[in-house]
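In case you want the letters, here they are:
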2 protein chains.
Amino acid sequence: MGNTQRLSMTIVDKYNTRVEQTNSLLCVGLDTDVARIPDNFRNTKFPRFEFNRYIIEQTHTFVSAYKPNMAFYENNGASGWHELSLTIEYLRANYPDIVTICDAKRGDIENTNAQYAHAIFDELGFDAITVSPYMGKQSLEPFLERKDKAVIVLCRTSNDGAGEIQDLHIDGTPLWEFIATKVVQEWNTHNNCMLVMGATYPSEIQRVRRLVGEMTLLVPGIGTQGGQIEPIVVAGVNHLYKGLIINASRSVIYADNPAQEAQRFRDKINAHRGA
Amino acid sequence: MGNTQRLSMTIVDKYNTRVEQTNSLLCVGLDTDVARIPDNFRNTKFPRFEFNRYIIEQTHTFVSAYKPNMAFYENNGASGWHELSLTIEYLRANYPDIVTICDAKRGDIENTNAQYAHAIFDELGFDAITVSPYMGKQSLEPFLERKDKAVIVLCRTSNDGAGEIQDLHIDGTPLWEFIATKVVQEWNTHNNCMLVMGATYPSEIQRVRRLVGEMTLLVPGIGTQGGQIEPIVVAGVNHLYKGLIINASRSVIYADNPAQEAQRFRDKINAHRGA
């Protein structure tokens with residue numbers, strides 16, 4: 001953190017530059033469920049891609065990152081994978097300044113993670129991936145060693161039952177807080193780590209901001225999942241008035257007017273950002 | 001556990017039946033890395049599938065389960081996914097008594113896990129999946145509610161650095177042990193849960209066997225990863241002399257004679273099994 005002598009642009013730099021260009025901390029989750037998209041997309045050869053292209057064209061002006069969740073593509077097997085690939089190619093070709101996050105929550109032994117890193121960073125070409133901390137730093141090295149990418153570690157997730165494991169106390173400290181400290185002090189040697197902090201837990205976001213300095217947080221869970229914007233923005237921005245990637249998925253992509261909804265979220269975030 | 005009035009066969013029943021047929025606790029990991037397979041497979045249209053078919057034909061007599069790791073297929077994108085699909089179709093058509101495990105280590109919010117469950121259980125047709133416990137029971141419900149499938153929860157994994165998170169103490173109990181107890185007491189309501197216990201940690205396997213009764217353990221890490229067979233079998237079998245799915249991947253599939261190697265593992269396991 002805080003290293004200003006960089007040989008090449010990190011993904012954090014890319015994100016911060018985009019945030020300045022668009023004045024937006026908004027990420028849109030491309031969790032494209034074919035059962036929920038309009039017929040005119042569903043009846044095409046590549047429905048997820050066609051729908052994503054429409055959402056990207058509608059929303060890109062207000063957006064600094066896109067985050068497809070892998071499950072919504074694997075759900076349709078080889079064809080779904082191809083549509084995800086088309087989506088990322090489209091973003092890289094047309095909007096190379098926007099950060100692309102693969103929400104995959106991967107985590108396996110080192111030999112296997114090397115395969116995932118190749119698949120997601122090199123074959124698909126994503127800027128960033130979400131990973132699970134459960135198997136430890138050493139297992140995540142194939143992700144962590146990639147200075148040109150970002151590794152977003154699950155910390156306090158947005159789901160209702162997240163506390164069952166994440167709130168367990170280690171010598172008086174909740175597990176999620178222990179992991180946040182580990183990531184910032186030990187795993188972030190290449191200045192490429194971020195943390196997932198659910199929007200549904202603003203007081204945890206406040207605590208984690210104090211622990212991690214300027215580290216960027218991916219905050220899913222506004223919109224359909226019910227996270228409130230004001231408390232998470234007030235608690236979560238870093239001293240640069242950035243440091244948050246705030247994600248909305250269903251509430252934007254299935255809106256009657258996705259552009260309007262994305263703009264509304266961006267502006268609502270900025271109203272509390274203090275920049 | 002111990003419910004003998006079942007309306008239909010669980011995956012545990014399927015596994016135990018197969019174990020009796022073949023007298024084997026061996027699982028072969030189909031972690032097919034195209035860089036390591038012989039040229040005569042690599043130069044075909046579906047190299048992973050062709051190689052897997054060869055391995056299956058060589059080894060099925062000695063095997064009760066096959067476990068492809070998703071990363072080795074995603075590594076090749078849409079085509080890799082198709083080859084995984086062909087592999088599972090081949091197994092279901094020719095060896096329907098063998099248990100199929102998707103080593104995916106998935107774990108996301110409930111809405112997203114529903115997509116993964118559909119992809120892996122219904123589209124690909126696997127009997128079982130490995131999942132991460134980090135986001136809690138509620139998030140895993142789309143897997144756990146499937147009485148016709150098995151859900152294999154990461155507990156103490158086989159990798160060197162596994163202890164960094166998994167050995168953290170919760171009121172004097174290591175996290176992995178806490179999770180084992182939760183799974184057996186709270187998550188296993190449909191008698192469809194298993195645990196991942198790395199072969200490289202036999203004393204942990206001994207402890208977990210005392211905690212979980214007859215629950216089946218998936219034990220990866222013999223062979224290339226260095227886990228020793230005798231201590232894990234002695235410590236891990238349940239009172240039925242079953243309860244273990246012992247996985248070898250690289251040491252079998254890249255052997256000069258995979259059949260001989262699979263038979264050798266099966267027999268070495270049985271030498272310590274006491275059945």
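Preceding this section is the structure that the text describes.
Residues numbered from 1 in each chain as written. Chains lettered and ligands numbered in written order. Predicted model: local features only at pLDDT ≥ 70, side-chain atom pairs only at ≥ 80, totals over all residues. Heavy atoms only, no water.

Caption draft 1: Focus on the packing of helix α9 (residues 175–187) of chain A against helix α10 (residues 202–212) of chain A. All names here are of chain A. Direction vectors running N to C along α9 and α10 enclose 30°, while the axes themselves pass 10 Å from each other. With respect to each other, α9 and α10 are oriented roughly parallel. Of the two elements, α9 crosses α10, and the hand of that crossing is right-handed. Contacts between α9 and α10 involve Trp176, Glu177, Ala180, Thr181 and Val184 on the former and, on the latter, Glu204, Arg207, Val208, Leu211 and Val212. Of the residues contributing to the contact of α9 with α10, the split by class is 6 nonpolar, 1 polar and 3 charged. (Axes fitted to C-alpha atoms, helices over the stretch in contact; angles between N-to-C directions. Helix = DSSP H or I, 4+ residues; strand = E, 2+ residues; numbered from the N terminus. Parallel < 35°, antiparallel > 145°, perpendicular 65-115°, else oblique. Left-handed = near helix turned anticlockwise from the far one by under 90°. Contact = heavy atoms within 4.5 Å. Nonpolar A, V, L, I, M, F, W, Y, C, P; charged D, E, K, R; others polar.)

Caption draft 2: Broad picture of the relation of the copies chain B and chain A. Turning chain B through 180° and shifting it by 0.0 Å along the axis lays it on chain A, with an RMSD of 0.0 Å. Both copies are brought into coincidence by an operation consistent with a two-fold rotation axis. It is Ala78(B) whose C-alpha, among those of chain B, lies nearest the rotation axis, at 2.1 Å. Of all interface residues in chain B, 100% are interface residues in chain A too; the two copies therefore contact each other through one and the same surface. (Least-squares fit on C-alpha atoms with pLDDT ≥ 70 in both.)

Caption draft 3: Main features of unusual backbone geometry. Even without being a glycine, Tyr241(A) presents a positive backbone phi close to 60°. Along the chain, Tyr241(A) turns up in the loop between α11 (229–236) and β10 (244–248). Since its relative accessible area comes to 38%, Tyr241(A) is described here as partly exposed. Residue Lys105(B) is not a glycine yet carries a positive backbone phi of 50°. (Buried < 20%, exposed > 50% of the residue type's maximum accessible area, 1.4 Å probe, protein only.)

Caption draft 4: A look at the side chain of Gln166(A). By the secondary structure assignment, Gln166(A) is in helix α8 (residues 163–166). For Gln166(A), a relative accessible area of 0% corresponds to the buried category. Among all residues touching Gln166(A), those that are not within four sequence positions of it are Cys155(A), Arg156(A), Thr157(A), Pro174(A), Leu175(A), Trp176(A), Tyr134(B) and Met135(B).

Caption draft 5: Local environment of the pairing of strand β4 (residues 128–131) of chain A. Residues and elements named next belong to chain A. Both faces of β4 are covered, namely the face carrying Ala128 and Thr130 and the face carrying Ile129 and Val131. Across 4 bridges, the pairing between β4 and strand β5 (residues 150–156) is parallel. Note on β5: the bridge partner recorded for Thr130 is Ile152. (Pairing = 2+ DSSP bridges.)

Caption draft 6: Highlighting helix α5 (residues 77–94) of chain B. Between its terminal C-alpha atoms α5(B) stretches 26 Å, which fits the 26 Å expected from 18 residues at 1.5 Å a residue. Listed as buried for α5(B) are Gly77(B), Gly80(B), Trp81(B), Glu83(B), Leu84(B), Ser85(B), Leu86(B), Thr87(B), Ile88(B), Tyr90(B) and Leu91(B). Residues of α5(B) that are buried make contact with α4 (71–74) and α5 (77–94) of chain A together with α3 (47–59), β2 (65–66), α4 (71–74) and β3 (99–106) of chain B. (Expected span 1.5 Å × (residues − 1).)

Caption draft 7: Layout of the interface of chain B and chain A. Between chain B and chain A, the contact holds 57 residues from the first and 57 residues from the second. Carbon and sulfur atoms supply 57% of the area buried between chain B and chain A, which totals about 4700 Å² over both sides. For the chain B face of the interface with chain A, the top three residues by lost area are Gln115(B), Tyr134(B) and Glu164(B), together amounting to 17%. Taken together, the connections running from chain B to chain A amount to 6 salt bridges. Run the count over chain B and chain A and you get 22 residue pairs in polar contact (both at pLDDT 80 or more). (Buried area = accessible area lost by both parts, 1.4 Å probe. Salt bridge = Lys/Arg side-chain N within 4 Å of Asp/Glu carboxyl O. Polar contact = N/O pair within 3.5 Å; in protein donor to acceptor, adjacent residues only side chain to side chain.)

These values are about where atoms sit, not about what they do.
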